[in-house]
Amino acid sequence: MGPPKIITHPLISCIQKIAVYETKARFYLMGSNNTQTRFRILKIDRTDPKELVIIDDNYEYSKDQIKDLVKMIDVGNRPKPGQRGPTTALSPVVSAFGIVGFVRFLEGYYMIVVTKRRRVAMVGHHTIYKIVDTNMIYIPNDGVRQPHPDEQKYYRMFQSIDLSSNFYFSYSYDITHTLQSNMTFPRCLIGSGVDGNNDGGAEEDGKSGGSTSEGNCHPSMFGYPEEVQEYGVRNNPNRKFVWNSYLLSQIEGRLHPDWILYIVHGFVGQSNVSVFGRPIYVTLIARRSNKFAGTRFLKRGANFDGDVANEVETEQMVHDSGLSSLVKSRFSSFVQMRGSVPAYWCQDVSKMVPKPAISFNVSDPFAETAGKHFNDVLRRYGSPIIVLNLVKKREKKRHESALSENLKASVDYLNQFLPPQHHIIYLSFDMARMNKKKEANVMAHLGKKAYKAVCKVGIFQSQPPWKRGGGRWETPGLRAPPGHHSTMASPLLQTGIVRVNCVDCLDRTNTAQFALGKCALGLQLCALGILDDGNLEFDTDCVRMLENLYEDHGDTLALQYGGSQLVHRIRTYRKTAPWTSQGNDIMTTLSRYYRNTFSDAEKQHTMNLFLGLFIPEEGKMPIWEQVTDYYLHFPQTYPKKKMGKLTQWWDRKMVDCLPRASDEVWKECAQVIKLGSWVGDDQVDAYLDYYRPHEFSVLSDDPAYKISHSVRDYMPHFTTNFSPFTVRVRPGRRREESSAGGERTKNPSLTGQSSTSSTNSSDDSRGASGASESSEEDDNGGRGVTATSVDNPPSSSSMQFCSSLLPMGHEYDLKEGEPSKANLMLYKRYSQFGRSTPLQMEMAGSSNQHPLLAGKFAADSSSFSTPKPKVEPDSVNIYRSYIKRGMMSDAPLSAQLQPQEKDLILYQRSLLSISPVRLSPKPVDTTPASKFGRFDVFDSDENNSDSSVKVVMTVSDSSDVEVITASNGPVECGNEERYDENELISIKISWKLQPVEKFQLRRHQKFKTLMDHFAKLEGVPLQKIVIYGGKDCTRLIEPFDTPDTVGVTVTDVLEGGVLTEGGESRATRVRGLAGQHIGDGITVRVQVEGVRSFPVMIGREQKMHVLMVKVAEQMEVDVSRVKLSLDGEAIAPDSNAKDLDLEEGDVLDLRLL
């Protein structure tokens, strides 16, 4: 028998309700679980004016024991008979749901407790709460209090941190870590000699995705063997996202872990996508970092430890809530992050300007700060790291582009010392510049980049992906990491992360993160077996719901960092926002500017006080008198010099775990408890904690009813297509909650009622997530009636006709009533006028036919036909020969276009004069021109005054040889006279980038003569000679081209060179790609590995392979060695400049293989 299987469960805190009692000498905190079966007590001394004296007896009481203890404390503190003075009996103070922490300013300690909470999301059976209200309780009694004049200022400043705005916690689920990290098997249990199993087990080498999980039934019900060992696990929190670490510093390690409550700042939203009644929960969790935290203009770049400003980790979870247990249910998640550019940069806000200048205040030539930042990212998420930079690249006045250049240089420098398979991938996309173009599709460009990025990092899937109809579905781009079994029981892991940034990491960043989330959601739904492919269209209920989630997510983060909501929203970049939104954008911009200028300094002081960066002390300068907080975030004037090599900016232990994250491979836990018999232990049984059968519950208050629902809030009225993935002609709106009863207006598709109670929604309102009560905008401004789907028009068979129409007042905003007399008279005159016309009188007779139509229509017919057109036999024969010639697809192009023999002879007779360049008295070419014959062109003697030239045509099928003598004078051809227009033209050529040389050709003379000259000069075959230029600027000239067909003028300079390798077939292929007309051309610069650059001309419609040939020509290398890239992305040879959005002066990076 093999080693036993183990199942892990997250430990549930037993302190979820707290009753605070006080006496003159102590505070008593009595905590219990929801079922009030387990109790703990905490004693806080009130007689010490400065220190925090707290006692935890570490004993768990029963309900009867706690009653006896409370009674004993109450009796012991009652005044004795005859005793004078104030009473000291036990009295209740407040009821709470958790302790946020303890803080001291200049007097005694305060205790902060959560007095109101609200459930906002569920992860399986685990509940995430939002803090609604808190209370600060001063601990020392009035008899020992020592007043200080600045105490109230610090107290009010601390109170300005609104803990009721976007602070979250959970008693059982660790929201400081991602779902993948929470479901990763602890390292201590892997090394215990047992075989860890969680939905398929964990590998013994620690590189698997074995998960912690919770259950609510006996393991045998899920098919587990009886030889199982169950453990309760409490994770170590991720301190980067714990915002009350300083407040808990005085009690951590001294109290039982159940008293400790970790608070996360950011955003949590959840929505229900109902797929024909199957609930799919989409949850968005944003965790804001407490490192280098602050406001917009006061916290830019990074500190000396590599912590960047405005760093937020966003996790998108998708859960099939038909089964909520983490053991067997299907969960999927995708993690991305945002953060400022990791460098020492700032903006001076002392001057009142809209865009303060960007300056780099500390030089970092070895990118040490960026190295520390990316080392931390690799440690937490693994590889690859995909940096999506949205900062502007080209500006008239240098501003944002300096950040792009710094970030690109840092990534290139750091990649030199990383293994190639783990390089940081840099992508750049100038969203602002793209959005200014009228026909630009910003979201389409973002969608392409998002799909590539998501496929590289993958998504986390707790169970093997399903396939509709049975079997396993192979998710595009998702892969199990090395060392992970690809069995049906193995989960899929996300290795690496997409890091998005712009300047502020607000508007553009949120839109790009939505594009990534939309792409990931399609793949997540495929992995759950909901969709056949991962393509989600805009204007569907599902995508509109996700768009509202991300807009709420962006608004919340923008308020926290920038002081206002988003200015440029997703609809702005989709170009579907109503025109009224421009006024709202202007007001939002002004509000943001005002707050950044006048309010951010005080807000920054408050945040420094809350996070413990500034600790008030007696005799220390108050925080409101300090000019800057630079030394709070930069304790040292310069960064510490790293001991060792600067080239090894990464940790060896971290690199050895790649592509897995070392934090997951070496996961440690705070507490492991081996559970006994399976009896539904409330330490781990989340079922009882979630459903609470011990108390009455109001269904309308349940989170499942309060969260956004795709049918109730997004599906249009009276639709017959209930799929959330159907594109709607005009999207439905979100219904507002009733102001009187507080109930949402139900969807008539479900209730069968009319929607006349629907109210108008403002143009700039957005659907909120969770329990928010805002309504979604209606782009078309309709009243009450919403559109049906594209696929299925509404059907009236299942409802009464009158119920499907709205009253006139609701539809057109008019009052119903009898028409006025003036309107009635006008209508009567209109009807009488129609009856009194001559046409109407004639049609009133026996014939119903109009006289003008009598000649074209029969009396008994409403249609007519025209005769079939006749085509002459000669025209038919011409058309058939044309079709026959075009169907010669197997023959080469030269054979298809070959003229008849008689036509060829006639053409030669019509030649006026051919006087080639005087290069050689020998024959220029003896290559057969066609299957009919060849031309031998001999130069005339230079000393001969006669400028005629012999053209000898040899016909292969005949022995006759015809000699044609051409001269510059008129040539007799039949009865007509033609004058010579074949004058000499000066051709300028820069051969191999050498100085320009001049040659002379006739206007109708072929370039083959010139190419033969260079072929002889270089000693190579004719097929390797390349000349390009002409009226198209980048046309590749063929040997049969002439100056007239190419459009060469005396001012044009042609460029030429020799193909190094490839032979005739390659040259023919290249010329075939480039020989056509390519429209207007642009000049781009090719940068050779950052050393030098040179200009190259390319047409907008021309294939980039031609550009590669030109670059190979200039570098004198084979074209197969040329690799071009634009903003870090490789350029495909079959793409063109128009697809790549190249413009004049763009810089391409060249790398030679």
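Our structure is the block above this text.
Predicted model only: the values in this text are computed from it and were never measured.

Student: Teacher, can you tell me more about the overall build of the protein chain here?
Tutor: Helix and strand content of the protein chain: 31 helices and 39 strands. Split into buried and exposed, the 1153 residues of the protein chain put 50% on the buried side. When contacts within the protein chain are restricted to residue pairs at least 6 apart in sequence, those whose partners lie at least 24 apart make up 69%. Element-wise, carbon and sulfur atoms account for 53% of the exposed surface of the protein chain, whose accessible area totals about 56200 Å².

Student: When you look at the pairing of strand β35 (residues 1081-1088) in this model, what are you seeing that I'm missing?
Tutor: Within a regular strand, the side chains alternate between the two sheet faces. Only one face of β35 is buried, namely the one carrying Ile1082, Val1084, Val1086 and Val1088, since none of Gly1081, Thr1083, Arg1085 and Gln1087 on the opposite face is buried. The sheet contact formed by β35 and strand β36 (residues 1092-1099) spans 8 bridges and is antiparallel. Counterpart to Gln1087 in the pairing with β36 is Ser1093. Note that β35 and strand β39 (residues 1147-1152) share 4 bridges and pair parallel. Residue pairing across strands places Val1086 opposite Leu1148, the latter belonging to β39.

Student: Honestly, the sheet that holds strand β33 (residues 1035-1037) in this entry has me stumped. Any pointers?
Tutor: For sheets, the rule is that strands pair by backbone hydrogen bonds, running either parallel or antiparallel. Ordered by their spatial adjacency, 5 strands build an open sheet running β31-β30-β34-β32-β33, and the pairing between neighbours is mixed. On the outer flanks of this sheet lie β31 (997-1002) and β33, each paired with one strand and no other. For this sheet, the mean inter-axis angle between neighbouring strands, taken without regard to orientation, is 40°. Note that strand β32 (residues 1025-1029) and β33 share 3 bridges and pair antiparallel. Counterpart to Tyr1028 in the pairing with β33 is Leu1036. Contacting β30 (984-991), β31, β32, β33 and β34 (1053-1058), helix α28 (residues 1008-1018) runs over the sheet at an angle of about 135° to β32.

Student: Is there a simple way to think about the sheet that holds strand β37 (residues 1122-1126) in this case?
Tutor: With mixed pairing, the 5 strands of this open sheet are ordered in space as β36-β35-β39-β37-β38. The sheet is open, and its two edges are formed by β36 and β38 (1129-1130), each paired on a single side. Across 2 bridges, β37 lies against β38 in antiparallel orientation. Directly across from Ser1125, in β38, lies its bridge partner Ala1130. Together, β35, β36, β37 and β39 form the strand contacts of helix α31 (residues 1104-1115), whose direction differs from that of β36 by roughly 140°.

Student: When you look at empty space enclosed by the protein in this model, what are you seeing that I'm missing?
Tutor: A water-sized probe rolled over the atoms picks out the places where empty space is left. In total, this model carries 8 cavities of 30 Å³ or more according to the counting rule given. Here the largest cavity is characterised by a volume of approximately 120 Å³. Looking at the largest cavity, the residues that line it are Ile12, Ser13, Cys14, Gln16, Asn33, Asn34, Thr35, Arg38, Asp682, Asp685, Leu688 and Asp689. The residue inventory of the lining of the largest cavity, partitioned by class, reads 3 nonpolar, 5 polar and 4 charged.

Student: How should the packing of helix α10 (residues 507-527) against helix α11 (residues 541-561) be read in this particular structure?
Tutor: Think of two packed helices as two axes; the pair is described by the angle between the axes and how far apart they sit. It is at 10 Å that the axes of α10 and α11 come closest, and there the two elements cross at 140°. One finds that α10 runs oblique with respect to α11. Between α10 and α11 the crossing geometry is right-handed. Note on element contacts: α11 touches α10 through Cys542, Val543, Leu546, Glu547, Tyr550, Glu551, His553 and Gly554, opposite Asn510, Gln513, Phe514, Gly517, Lys518, Leu521 and Leu525. Per-class residue counts for the contact of α10 with α11 are 7 nonpolar, 5 polar and 3 charged.

Student: Would you mind going over the state of the cysteines with me for this structure?
Tutor: By definition, a disulfide is the covalent link that joins the sulfur atoms of two cysteine residues. Evaluated as defined, the whole model comprises 0 disulfides. Looking at Cys455, it has no disulfide partner, and the nearest cysteine sulfur is the one in Cys519, 6.1 Å off.

Student: Could you clarify how one ought to interpret the pairing of strand β4 (residues 39-45) in this entry?
Tutor: Extensive coverage of β4 is indicated by the burial of 5 of its 7 residues. Here strand β3 (residues 26-32) pairs with β4 via 7 bridges, running antiparallel. Counted as the bridge partner of Tyr28 is Lys43 from β4. If you look at the hairpin formed by β3 and β4, you'll find 6 residues sitting between the two strands, and Gln36 has a positive phi there, around 55°.

Conventions adopted
Residues numbered from 1 in each chain as written. Predicted model: local features only at pLDDT ≥ 70, side-chain atom pairs only at ≥ 80, totals over all residues. Heavy atoms only, no water. Helix = DSSP H or I, 4+ residues; strand = E, 2+ residues; numbered from the N terminus. Buried < 20%, exposed > 50% of the residue type's maximum accessible area, 1.4 Å probe, protein only. Contact = heavy atoms within 4.5 Å. Areas by Shrake-Rupley, 256 points an atom, 1.4 Å probe, with all protein chains shown as cover. Pairing = 2+ DSSP bridges. Axes fitted to C-alpha atoms, helices over the stretch in contact; angles between N-to-C directions. 1 Å grid on protein atoms, 1.4 Å probe; cavity = no way out; pocket = protein on both sides within 12 Å on 5 of 7 lines; lining within 4 Å. Points joined across faces, edges and corners; volume = space filled by probe spheres on them. Nonpolar A, V, L, I, M, F, W, Y, C, P; charged D, E, K, R; others polar. Parallel < 35°, antiparallel > 145°, perpendicular 65-115°, else oblique. Left-handed = near helix turned anticlockwise from the far one by under 90°. Disulfide = S-S within 2.5 Å.

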